[in-house]
Amino acid sequence: MTDRPADKADEQQIDQSDRPSKGDQPLDSVIQPALDTEHPVVAEGQPLHVQGIRELPLVALRETVIFPEMIVPLQVGREKSVAALNAAVAASGPIALVTQRQAEREEIEDPSELYEVGTLAKIAQVVQLQDGTVRAIVQGQNRLRVVGFVQTSPYIIVKVEELADVAPEGIEIQALMRTVQAQIEQYVANGAPVPPEAAVAARNISEPGLLADMVAYSPDLSTEQRMELLKTTDVVERLKIVSTFLGRQIEILELKGKIQSEVKSEMDKTQREYILREQLKAIQRELGEDDPQQAEINELRDKVEAAGMPDEVKARALKEVDRMSRIPSASPEVGVIRTYVDWLVALPWNVSTTDNLDIKSAAIILDEDHYGLEKIKERILEYLAVRSLADTLRSPILAFVGPPGVGKTSLGKSIARAMGRKFVRMSLGGIHDEAEIRGHRRTYIGALPGRIVQNVKTAGSNNPVFMLDEVDKIGMDFRGDPSSALLEVLDPEQNNTFQDNYLEVPFDLTKVLFITTANLLDPIPAPLRDRMEVIHLPGYTETEKIEIGKRFLIPKQMKNHGLSAKTIEITHEAMVELVRSYTHEAGVRNLEREIANVMRKVARAVAEGRKRKTIVDVKKLNDYLGPQRFEYGELETEDQIGSATGLVVTEVGGDVIAIEVTLMEGKEDFILTGQLGEVMRESARAGLSWIRAHASQLGIKRQVFETNTLHIHVPAGGIPKDGPSAGITMTLAMVSAFTGIPIRKDVVMTGEITLRGRVLPIGGLKSKILAAHLSGAKMIILPHKNEKDLRDIPEEIRKQMKLVLVDNIEQVLETALRRKPTPLVVEPVKTADGGKDPDKGSEPETPVRRHFPPPVDQPPAMADTH
């Protein structure tokens, strides 16, 4: 069993308001202190005022402190406590009530488990309850200190010293008493959770120690703080402690009252405004005037009716307007509904621009804005031609793929101008959140539609030219996959009912002409790529760059820099030098920067007073831009052994790349360096296998493979490289290294090789040929199966270069090597007597070719360059 009060785990007060004092006044429930324990109690070493040592039975209290002159009911349940209580009753003597340090302990075995100071109490009444516990009413008499234990079983008997209060007479203690009494009155007046009679009781107490102890029973006071007050025998110090506490509590109550007053004032203001609004509504109804909120609702309803929405969307919008009319105007939900309806009303549900179906006029506009790009222009004109014949044609989903600076984005603006449509652009580079496309649901604070709907609203028509830039740079993370959200947007079979998460109603996107742009096609997910019609923009030729510079870039930069044809002229030779020696790109961005650089130099001269026209020739161009940054032609200056030039495609267009092969003494089979990918490594091994299978025909001795190590290196080692199109280039370089035959310096090549020596087709042909042309190559070796792609090559390039089409690696060797390899002569096998083996015949043995057809006698085909 446990010693429990009415609402605690052990002995403590049950009803503090029932404890009378000497004058039958309720003392212990007057104040609920939270003492400031920073004030000193009995100083260490200071003698206590004691009244002799006695032996008394002890009851340990849990989380309860009894003070002198306080009457407290206790409920006792522990066996030792009940026994101690019964012993005290039997002896008609007092009992020691001491608080234990740890309330959860059941048994007390050592004095250290109790606080040092307790209370000597007289037992007024004991009642045995049916559950075996005992209820006793005790009255505190004096403070005591536990000196030691006499016994711990069957109940605790301790030696105690009674402590007397030290209460000096004088003005200070009188002043302290009056201060505390005044503070108690103010404390009660400020709304302390104590009965109002507490202030009267405090005023009637004339004993200073009792006045201080009266404050000790605040419910906010912890057990440790009450013990500190109990230990303090100096009444002056005790009153100071209580005064400090009361001052702090009064400040807290005053602040609490101020806060409550402000809250109440705000609530009163809100109620007052509500009453005034209701009165204003009543007055307006009497005068026949509309309520402002009702007028706003009527205006919204009229806008919904005039927006031309589909019936389903219109019904949804009117439903939201009706819901808004039933909500108080001060509710935050009103703003949410208003914003939603405003978005529905603002969308161009049935607003379309009229397409310019004049094919000739559209062609003129496209030619005005861009030079070249015939395939894209032809596709747009075809679409306009079909639109002029059939109104039901859905807009295509076009994808412009090409290196930076070739005009993909500006081409979208030109298409919009040619068709007479609005143009909007959305950059997809780096977005990770699917909500950028579909929007957020209205449950989120500050939710908005996705950028698809936002841009259609900005366009003001339901058939704009919508450019989705950098579709190959979409990211993906925990917030979703934006590329998956685009599947619905870019699918003509689905986007007629595109549903934004914010709008939650379908919107028809079939009339929108979507154009996406990308630098590379591979990063685009296959399902998204399948929905788009891909048009490649491989880059511009040198002639095209010069014409673009003359027609577009120079006039644009002259206007930007405040110049005119009277102040500057750039010669044709200077433009050629600018393209060849100061830019190296597939597009024209750097070309425009360099032209702007020249314009700034001339603009400064004009601003400084130059009157004559500036003619920018090659010499002056070098003065303006400094030494040449690029060399026109990056091929070898002379024929090389073991070094062949191949063609590659990068993010910025085509480029030439050297492949170097060397032989070293050693038994290691193969070394590949230059950050080569797995496909490129496999191509190199396939080429080496073909060489070893045809070593005799190539004049290579078998011992060479057994005693030498082959090392293939592709320069620019910091750039990863991969793909099968360098197969014939690596094979040619290896043959040159094994045979010592130089490779022609002006030949570049591309093509995939098989184990049987066949040359397979490759991709990116136009970009590669443009790069070869810029490098100064005179001959290009290409797979014969790529002949169909030569129609995309500009005619001026085909006239300036020799295009050689091959079907197998022998044709590559015949074209690129300075001389043919000399086959090895195999001696006939002799018998032991020195004669010829009769089984071998009289003819010398011919080397055997494995898994490869007989050599082709005819020379490689030449492409028709006219």
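This text goes with the structure placed above it.
The structure reproduced in this document is the subject of the present report. It should be emphasised that the depicted structure is a prediction, and the values quoted were computed from it without experimental measurement.

Let us look at the overall build of the chain. Within the chain, the secondary structure is distributed over 26 helices and 25 strands. Relative to its 866 residues, the chain shows a buried fraction of 47%. Expressed as a percentage of contacts within the chain between residues at least 6 apart in sequence, the contacts between residues at least 24 apart total 74%. Carbon and sulfur atoms make up 50% of the accessible area of the chain, which totals about 42600 Å².

Among the five residues that make up strand 23 (residues 779-783), five are buried, leaving the element largely enclosed by the rest of the structure. Side chains Met779, Ile781 and Pro783 of strand 23 all project onto a buried face; the interleaved residues Ile780 and Leu782 project onto the opposite face, where all are buried too. Direction of pairing for strand 20 (residues 747-749) relative to strand 23: parallel, over a ladder of three bridges. Its bridge partner being in strand 23, methionine 749 is matched across the sheet by isoleucine 781. As paired elements, strand 23 and strand 24 (residues 802-806) share five bridges and run parallel to each other. Its bridge partner lying in strand 24, isoleucine 781 is registered against valine 804.

Turning our eyes to something else, we now look at the packing of helix 18 (residues 572-581) against helix 20 (residues 618-625). Two numbers describe how helix 18 lies on helix 20: the axes approach to 8 Å, and their chain directions differ by 45°. Relative to helix 20, helix 18 is oriented oblique. Of the two elements, helix 18 crosses helix 20, and the hand of that crossing is right-handed. Each of Glu573, Ala574, Glu577 and Leu578 in helix 18 lies in contact with helix 20, whose residues at this interface are Val618, Leu621, Asn622 and Leu625. In the contact of helix 18 with helix 20, the residues fall into five nonpolar, one polar and two charged.

A separate point is helix 19 (residues 589-607). The terminal C-alpha atoms of helix 19 lie 27 Å apart, and with 19 residues this matches the ideal 27 Å at 1.5 Å per residue to within 8%. Among all positions of helix 19, only Leu591, Glu592, Glu594, Ile595, Ala596, Asn597, Val598, Met599 and Val602 are buried. Buried residues belonging to helix 19 abut helix 17 (542-560), strand 14 (568-570), helix 18, strand 15 (614-616) and helix 20. Just downstream of helix 19 lies glycine 609, where phi reads positive at about 115°.

With that settled, consider the packing of aromatic side chains. Going through the model one piece at a time under the given rule, you end up with four aromatic pairs. An angle of 35° between the planes, with centres 5.4 Å apart, marks the rings of phenylalanine 466 and phenylalanine 514 as tilted. Of this pair, phenylalanine 466 sits in strand 9 (residues 465-469) while phenylalanine 514 sits in strand 12 (residues 513-518), and the two are 48 residues apart along the sequence. Each of the two residues, phenylalanine 466 as well as phenylalanine 514, counts as buried. Directly above the ring of tyrosine 340 sits arginine 442, whose terminal nitrogen or CZ lies 3.8 Å from the centroid. A cation over an aromatic ring shows up here: lysine 457 above the ring of tryptophan 343, its NZ or CZ 4.1 Å from the ring centre.

Another aspect to go through is the sheet that holds strand 7 (residues 397-401). Across the sheet, which stays open at both edges, the five strands sit in the order 8-9-12-7-13 with parallel pairing between neighbours. Bordering the open sheet on either side are strand 8 (423-427) and strand 13 (533-536), each of which pairs with just one other strand. Across this sheet, the average inter-strand angle for adjacent strands is 20°, counted without regard to direction. Summarising the sheet, strand 8 and strand 9 pair through five bridges and their orientation is parallel. Note on strand 9: the bridge partner recorded for valine 424 is phenylalanine 466. Set on the sheet, helix 14 (residues 451-459) makes contact with strand 8 and strand 9; between it and strand 8 the angle comes to about 155°.

Attention now moves to the pairing of strand 12. Two faces, one strand: in a regular strand the side chains alternate between the faces of the sheet. Of all six residues in strand 12, six are buried, a share of seventy percent or more. Alternating residues of strand 12 divide into Leu513, Ile515 and Thr517 and Phe514, Thr516 and Ala518, and every residue in both groups is buried. Relative to strand 12, strand 7 runs parallel, the two being bridged by five bridges. Counted as the bridge partner of leucine 398 is isoleucine 515 from strand 12. Inspection of the sheet shows strand 9 paired to strand 12 by four bridges, in the parallel sense. For valine 465, the partnering residue across the bridge sits in strand 12 and is leucine 513.

Attention now moves to the environment of leucine 246. Examined against the element boundaries, leucine 246 turns out to sit in helix 6 (residues 235-287). Assessed through its relative accessible area of 0%, leucine 246 is described here as buried. Residues leucine 246 and threonine 179 lie 67 residues apart in sequence; the distance between their C-alpha atoms is 10.0 Å.

It is the rolling of a water-molecule-sized probe over the atoms that shows where space remains empty. The full count for this structure, using the stated rule, is three cavities of 30 Å³ or more. Quantified by volume, the largest cavity comes out at close to 60 Å³. Considering the residues around the largest cavity, the lining is formed by Leu663, Asp669, Leu688, Arg692, Val704, Phe705, Asn708, Thr709, Leu710 and Phe738. Elements represented by at least two residues in the lining of the largest cavity include exactly helix 21 (678-693), helix 22 (702-707) and strand 19 (708-713). Per element, the largest residue contribution to the lining of the largest cavity is three residues, and it comes from strand 19. Residues that form the lining of the largest cavity fall into these classes: six nonpolar, two polar and two charged.

Next up on the list: the nonpolar core. Core analysis: the largest hydrophobic core is formed by 59 residues, its most contacted members being Phe67, Ile95, Leu97, Ile184, Leu211, Leu239 and Leu246. With nine residues, the single largest contributor to this core is helix 6. Residues Met324, Tyr340, Phe507 and Leu509 belong to the second largest nonpolar core, which totals 53 residues.

For the structure shown, the criterion picks out 44 salt bridges. Arginine 54 is the partner of glutamate 162 in a salt bridge, and the nearest nitrogen-oxygen pair spans 2.9 Å. Placement of glutamate 162 in strand 6 (residues 157-163) and of arginine 54 in strand 1 (residues 50-61) is noted, with a sequence separation of 108 residues between them. Residue glutamate 162 is classed as buried on the basis of its relative accessible area of 7%. Accessibility expressed as a relative area gives 34% for arginine 54, which makes it partly exposed. A salt bridge links glutamate 305 to lysine 314, with the nearest nitrogen and oxygen atoms 2.7 Å apart. Accessibility expressed as a relative area gives 44% for glutamate 305, which makes it partly exposed. Since its relative accessible area comes to 24%, lysine 314 is described here as partly exposed.

Further remarks concern the layout of surface pockets. In this structure, the second largest pocket spans a volume of roughly 630 Å³. Surrounding the second largest pocket, 26 residues form its lining, Asp369, His370, Gly407, Ser410 and Lys556 being those nearest its centre. Those elements that place two or more of their residues in the lining of the second largest pocket are helix 12 (408-419), helix 17 and helix 19. Residue contributions to the lining of the second largest pocket peak at six residues, all from helix 17. When the residues that make up the lining of the second largest pocket are grouped by side-chain class, the tally is nine nonpolar, eight polar and nine charged.

Conventions used here
Residues numbered from 1 in each chain as written. Predicted model: local features only at pLDDT ≥ 70, side-chain atom pairs only at ≥ 80, totals over all residues. Heavy atoms only, no water. Helix = DSSP H or I, 4+ residues; strand = E, 2+ residues; numbered from the N terminus. Buried < 20%, exposed > 50% of the residue type's maximum accessible area, 1.4 Å probe, protein only. Contact = heavy atoms within 4.5 Å. Areas by Shrake-Rupley, 256 points an atom, 1.4 Å probe, with all protein chains shown as cover. Pairing = 2+ DSSP bridges. Axes fitted to C-alpha atoms, helices over the stretch in contact; angles between N-to-C directions. Parallel < 35°, antiparallel > 145°, perpendicular 65-115°, else oblique. Left-handed = near helix turned anticlockwise from the far one by under 90°. Nonpolar A, V, L, I, M, F, W, Y, C, P; charged D, E, K, R; others polar. Expected span 1.5 Å × (residues − 1). Phe/Tyr/Trp six-rings, centres within 6.5 Å; stacked < 30°, edge-to-face > 60°. Lys NZ or Arg CZ within 6 Å of the ring centre and 35° of its normal. 1 Å grid on protein atoms, 1.4 Å probe; cavity = no way out; pocket = protein on both sides within 12 Å on 5 of 7 lines; lining within 4 Å. Points joined across faces, edges and corners; volume = space filled by probe spheres on them. Core = buried A, V, L, I, M, F, W, Y, C linked by side-chain atoms within 4.5 Å. Salt bridge = Lys/Arg side-chain N within 4 Å of Asp/Glu carboxyl O.

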